[in-house]
Amino acid sequence: MRVEALFLLGVAAFFGVVGVIYWFWAYEQGGTAMLVGTTLLGFVPGSYYLWWARRMRPRPEDRPDASIEDGSGVIGSFPSSSIWPFVLGMGLFLMVLSMVFGLWLIAPGISLVLSAMIGVTVESRRGGTV
Amino acid sequence: MASVIAVSPRAAEPTSTIAPRRRRRLLGAAAAATLPLVLGGCSLPTFYGYKGSTKQAHDEFLLYSGTTIAALVVGVLVAALIAWSVIRYRKRSDTIPRQFQYHIPLEITYTVVPVVIVLILFGFTVVTENRVDAVKADPATKVTVTAFQWGWRFDYPGNVSVTGLTTEDPDPVGLDGGQCAPAVDCLGPGLVVPAGRTTRITLVTKDVIHGFYVPQFNFSRYAQPGVTNVFDLTVQHSGVYRAQCTQLCGLYHSLMFFHVVALPPAQFQSWLSSQQGAATAASGSSSSTSNTKAAA
Amino acid sequence: MTVLAERPVAHEHEHDHEHHEGPSGILKWLTSTDHKLIGMSYMVTSLVMFFLAGIMGLLIRTQLTSPHNSFLSFQQFNALFTMHGSLMLYLFAGPFAFGGLANYILPLQVGAPDMAFPRLNALSYWLYLGGSVTMLLGFLVAGGAAAFGWVAYAPLSSVEFAPGSAPDLWILGIALTGFSAIFTAVNLVTTTFYLRAPGMTMFRLPIFTWNMLVTAILILIAFPILTAAMILLFADRHFGTHFYSVAGGGVPILYQNLFWFFGHPEVYILALPYFGIVSDVIPVFSRKPLFGYKGMVFATMSIAALSTGVWAHHMFTTGVVLLPFFSLLSLLIAVPTGIKFFNWIGTMWRGQLVFSTPMLFCIGFLFAFLMGGLTGVMLASPPIDFATHDTYFVVAHFHQVLFGTAVYGGFAGLYYWYPKFFGRMYRESLGKIHFWLLTVGFWVTFMPQYVLGLHGMPRRVASYPSGLGWQSLNVASTIGAYIIGLSFVFLLVNLWVSWRKPVPAGDNPWDAHTLEWFATSPPVHHNFERLPAIRSERPVWDYHHPDARTETHHNGHGHVTEAGVAEAGVGADAGDKA
């Protein structure tokens, strides 16, 4: 976990330095705001990872001498064959089109979005199917 | 089996005995080619750029030429290395080549040397941009340039205004008389300035962003809403220089031409005085008599 | 149904992999969350966008063959270059790389069964498809497609100067595809951080995976800013706000700052994946490891870091940016890029180079990007930029770098991984013809454009004055463009012939190095039934060539170690640190 943490903290460090330089040297605030935001983008997850890295044993993928058997067992759950991403995508698509072609499109759009949200939740709970 | 090179990894270099010699030869050739150019100074090859007709343009041209030469040297060197690899290391047998992956001194070299080159370029850049952007305390002439969809307006002191519009069929007519050769240099309104003197341009827009671009001045600047840009042009020789809008500004962006007419100072002064006289006589109050370039 | 994926046990044991039942046909396409199918959908869709945008490019070039051509009206021309750029940048180059190739290949390269969030992955694709359709709908509405350039500067993109629905469709299309990219980036980072196989430490990742990780971070940095810029623009257009208009107390240049804070990282988002492909392909066809692996990783990070600090080099001519800050950082990007070049050369050096089509495309990339990159260094200098900004010099520069990366690099990847995707080989002779025609066309198209720019021809012009000597250069450029178009006919023929008369390819036809080549071609459901021991960034090479592993300092005196597999697990691991 350490390399990942340092990678993100490196992002934070770089943008912190550049942000400070830019703040004092440039005469516009938009860029400074964006650079500060990017510093936080690296700092928040990076410090969290570093905190954990100090407290956990190296995972098999962190150990150069790990063998494949070390990682045997369940890796995770990978939902397969779900209709809900398609439904959600099309719902958002319709909602977006409603802003150009008429607000009536919001109705089918929102219904698809809501049913997708419900569907995904139910599916996750019971390992649902198509 | 595998050849045993019983020396430390430092000596196991990816640069063969052939490469340094070749690289030296290349560098030597490059130096031999550039030295006379550098010594020649003003006879630098132009690399398709303009030597420029303003003082600021000359500064830019030197930077451009120097940078192009540096880029050519680096480009030829790297291209030669690629070409050499492609030719020399084409597969000759099924032997698996030596599986080397690092050479720290070499890697450090080709990190540090580019940084040095870049810092040198940056130094020249800063010097040049300060010269190009410098504005004099007391320019000889001041003109306010207003860009609009799709034409230009030039306002001189004393209520003198020159305006031009463009439509689908620009008609090149202007006060420049017989100076337009080729006629294509004189499209759009003429920005009249004195040659050999410094003209202060104040650049604004009425609507969207436009680009004030004179190719032979090696210069462009945006006219932007909410921003007033100020810069100096010191045209060296009298003549006519074509120009056009360079930032997409809508339907007739392609036709938003103008040109710069540099007149000898005395001639410029008499033109300006006669324009000012006409402006005062026309209405007595602040009206802008336009010496309109009817781009019909 | 949800499958709990198990880590495959060591390579000696094979266990019965559960046979995957599921929908088939169109329902399979609509419901699949398999990264391989999603990646393939992305690739096909983005290639369709590429060909559409390419046709638009040909139309543009046709118009410019004569000075006052009436082949296209000014409105049509402006819409075409806007959509050409928008499709190429938003809908082809990015999605093909991170939605297509990375989606398919990255989980395989880290040894994972799928992406970390498969349903989110599927959603990304549908948002991309929806966004693409939204943008293209502009062609069908009154007034034609958006015509303000792919950058859509305010105030030209305000409702006053760009009325109609097409600009709104364009903005909304970007919003949808932007979220698609952000979700893909989340998946890429999470998969790389959490789903690596045992022994696959961060510094054993293939460079393609590293580059995709860095690209994903850039996406997370840049795309939200683009979305913000677009929301403000849409609000100005329809909700009466004045973010970008002087009349209401707004600041038009804010749009440029926001857009280019996204826009410059965006071009590196487009470039880094293709650098990664080249970094994977060249070692395979040189039969050597990538030279300077660690240097490559840090160079990639440096490029990404610097790229976020240089946005205003697109705004040098505005007169209101801090010139030295932006020009110094822009010039410095040349350094890590140069490091990459020397590392690629070092990889080929003393190798045994095989010039199959993927390798040819990599060599083409090297030459194209070399010149494009050097002209970029020139543009990083404000005075030179004042003279060349918004001229064909810039057009030639960015086409060289984008074409070099997305087209040369992208098709290197497509030809390289084609056997993995389909289990069959493409026709090598047709691939070579594609390459050579493309290369001739490419240089003929863009070299004259440098000269045109230096002679003062601005970009985005539908006509130009006659009598300036520009026509012959424009005609040459157009001929080159048609040659490029012709070259792609050979690609399509290749795909067709290889499909109709397949030649089986096997799991690893290239004797390649990285983990995806251990899977079957195409990979089974959840990718791996077996995995080799991972002791370097070339696990498959080590597995097949245990006596030719990467030399390390531990090996001492220039010997190629013979012990190989038996030593694995002790100190002598090729080039990695935990």
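Residues numbered from 1 in each chain as written. Chains lettered and ligands numbered in written order. Predicted model: local features only at pLDDT ≥ 70, side-chain atom pairs only at ≥ 80, totals over all residues.

J.: So what exactly am I meant to see when it comes to the overall build of chain C here?
T.: Looking only at helices and strands, one finds 16 helices and one strand in chain C. Overall, the C-alpha framework of chain C stretches about 70 × 50 × 50 Å when taken along its three principal axes. Counting across all 578 residues of chain C, residues that qualify as buried make up 67%. Of the contacts made within chain C by residues no fewer than 6 positions apart, 82% connect residues no fewer than 24 positions apart. (Helix = DSSP H or I, 4+ residues; strand = E, 2+ residues; numbered from the N terminus. Buried ≥ 20, exposed ≤ 12 C-beta atoms within 10 Å, placed from the backbone. Contact = placed C-beta atoms within 7 Å.)

J.: Would you mind showing me how to read the interface of chain C and chain A here?
T.: Accessible area lost upon the coming together of the parts is a frequently used measure of interface size. The interface is formed by 61 residues belonging to chain C together with 54 residues belonging to chain A. Secondary structure elements with two or more residues in the side of chain C that touches chain A: β1 (3-7), α1 (25-31), α4 (118-136), α5 (166-194), α6 (207-238) and α7 (252-286) of chain C. Of the residues forming the side of chain C that touches chain A, the biggest block, eight residues, is contributed by α4 of chain C. Taken together, the residues that form the side of chain C that touches chain A break down as 38 nonpolar, 14 polar and nine charged. (Nonpolar A, V, L, I, M, F, W, Y, C, P; charged D, E, K, R; others polar.)

J.: Got a minute to help me understand the pairing of strand β9 (residues 239-245) of chain B in this structure?
T.: Each regular strand displays side chains that alternate between the two surfaces of the sheet. Residue and element names in this part refer to chain B. Extensive coverage of β9 is indicated by the burial of six of its seven residues. One ladder, built from six bridges, connects β9 with strand β10 (residues 257-263); its direction is antiparallel. Within the sheet, the bridge partner assigned to G239 lies in β10 and is A262. (Pairing = 2+ DSSP bridges.)

J.: What's the story with unusual backbone geometry in this structure? I'm lost.
T.: Of all residues except glycine, most have a negative phi; of all peptide bonds, most are trans. Note the cis peptide between Q149 of chain B and W150 of chain B, where omega equals 0°. Residue P522 of chain C is reached from S521 of chain C by a cis peptide bond, and omega for that bond is -10°. Secondary-structure assignment places P522 of chain C in the loop between α15 (471-500) and α16 (539-544). Here Y48 of chain B, not a glycine, exhibits a phi torsion of approximately 70°, which is positive. By the secondary structure assignment, Y48 of chain B is in the loop between α1 (18-40) and α2 (55-88). Phi at N527 of chain C is positive, roughly 70°, even though this residue is not glycine. Tracing the sequence through the fold places N527 of chain C in the loop between α15 and α16.

J.: What exactly am I supposed to notice about the nonpolar core here?
T.: Across soluble globular proteins, nonpolar side chains have a tendency to be buried as a group. All names here are of chain C. Of all hydrophobic cores here, the largest spans 298 residues; its most connected members are F262, V278, V281, C362 and A412. Among the elements that line this core, the one with the most residues is helix α3 (residues 74-110), at 23 residues. Apart from the residues within four sequence positions on either side, A412 is in contact with I277, V278, V281, P358, F361, C362 and F365. (Core = buried A, V, L, I, M, F, W, Y, C linked by C-beta atoms within 7 Å.)

J.: Help me understand the interface of chain B and chain C in this model?
T.: Between chain B and chain C, the residue contacts involve 78 residues of the former and 86 residues of the latter. For the side of chain B that touches chain C, the secondary structure elements donating two or more residues are α2, α3 (104-133), β6 (210-214) and β7 (219-223) of chain B. With 15 residues, the single largest contributor to the side of chain B that touches chain C is α2 of chain B. Looking at the side of chain B that touches chain C, its residues break down into 46 nonpolar, 23 polar and nine charged.

J.: How do you make sense of the packing of α3 of chain C against α4 of chain C when you look at a structure like this?
T.: The relative placement of two packed helices is expressed as an angle between their axes plus a distance between the axes. Residues and elements named next belong to chain C. Taken N-terminus to C-terminus, the directions of α3 and α4 make an angle of 165°; their axes are 12 Å apart at the nearest point. Relative to α4, the element α3 lies roughly antiparallel. When the axes of α3 and α4 are compared, the crossing they make is left-handed. Touching S86, L91, P95, G99 and N103 of α3 are N121, S124, Y125, Y128, S132 and M135, all from α4. Its residues assigned to classes, the contact of α3 with α4 comprises five nonpolar, six polar and no charged. (Axes fitted to C-alpha atoms, helices over the stretch in contact; angles between N-to-C directions. Parallel < 35°, antiparallel > 145°, perpendicular 65-115°, else oblique. Left-handed = near helix turned anticlockwise from the far one by under 90°.)

J.: Before we go on, may I ask you to explain the environment of G410 of chain C in this structure?
T.: Residues and elements named next belong to chain C. Among the structural elements, G410 can be located in helix α13 (residues 392-422). As a C-alpha pair, G410 and V278 span 132 residues in sequence and 9.0 Å in three-dimensional space. Setting aside its immediate chain neighbours within four residues, G410 contacts F96 and Y274.

J.: What exactly am I supposed to notice about the sheet that holds strand β4 (residues 190-194) of chain B here?
T.: Sheets are built from strands that pair by backbone hydrogen bonding, the pairs being arranged parallel or antiparallel. Residue and element names in this part refer to chain B. Spatial ordering of the open sheet is given by β4-β10-β9-β6-β7, a layout of five strands whose pairing is mixed. Each edge of the open sheet is held by one strand with a lone partner, namely β4 and β7. Direction aside, neighbouring strands of the sheet carry axes that sit 25° apart on average. Pairing analysis gives five bridges linking β6 to β7, with the strands arranged antiparallel. Bridging across to β7, V214 finds its partner in F219.

J.: Before we go on, may I ask you to explain the confidence of the model for chain A in this structure?
T.: Do not read the fine detail of predicted coordinates wherever pLDDT is low. Here chain A averages 88 in pLDDT, while 96% of its residues score no lower than 70. Mean pLDDT in chain A bottoms out at strand β1 (residues 73-78) of chain A, which sits at 78, and peaks at helix α3 (residues 84-101) of chain A, which reaches 95. (pLDDT = per-residue confidence, 0-100.)

J.: Explain the confidence of the model for chain C here, please?
T.: Residue and element names in this part refer to chain C. When pLDDT is averaged along chain C, the result is 90, and 92% of the positions lie at 70 or above. Across chain C, the element-wise mean pLDDT spans from 59 in β1 up to 97 in helix α2 (residues 35-63). Confidence drops under a pLDDT of 50 for residues 9-18, and excluding neighbours within four residues, the segment shows 14 contacts in the predicted structure. Contacts from residues 554-578, a stretch scored under 50 in pLDDT, to residues over four places away or in other chains number 53 contacts.

J.: Explain the environment of V20 of chain A to me, please; I cannot follow it from the model alone.
T.: Residue and element names in this part refer to chain A. Take V20: it is sitting in helix α1 (residues 2-25). The class for V20 is partly exposed, based on 14 C-beta atoms found within 10 Å. Residues V20 and L35, spaced 15 residues apart in sequence, show a C-alpha to C-alpha distance of 8.7 Å.

J.: Even after reading the chapter, I still don't get helix α4 (residues 106-126) of chain A, so can you show me in this structure?
T.: In an α-helix there are 3.6 residues to a turn, and that puts residues three or four apart on one side. Between its first and last C-alpha atoms α4 of chain A spans 30 Å; for 21 residues at 1.5 Å apiece the expected length is 30 Å, and the two agree. Among all positions in α4 of chain A, only G109, L112, A116, V120 and E123 of chain A are buried. The buried side chains of α4 of chain A occupy one side of the element, clustering within an arc of 70° when seen end-on. α4 of chain A presents A107, I118, T121, V122, R125 and R126 of chain A as exposed residues on the side facing more than 90 degrees away from its buried surface. The secondary structure elements touched by the buried residues of α4 of chain A are α3 of chain A together with α4 of chain C. (Expected span 1.5 Å × (residues − 1). Arc of directions from axis to C-beta.)

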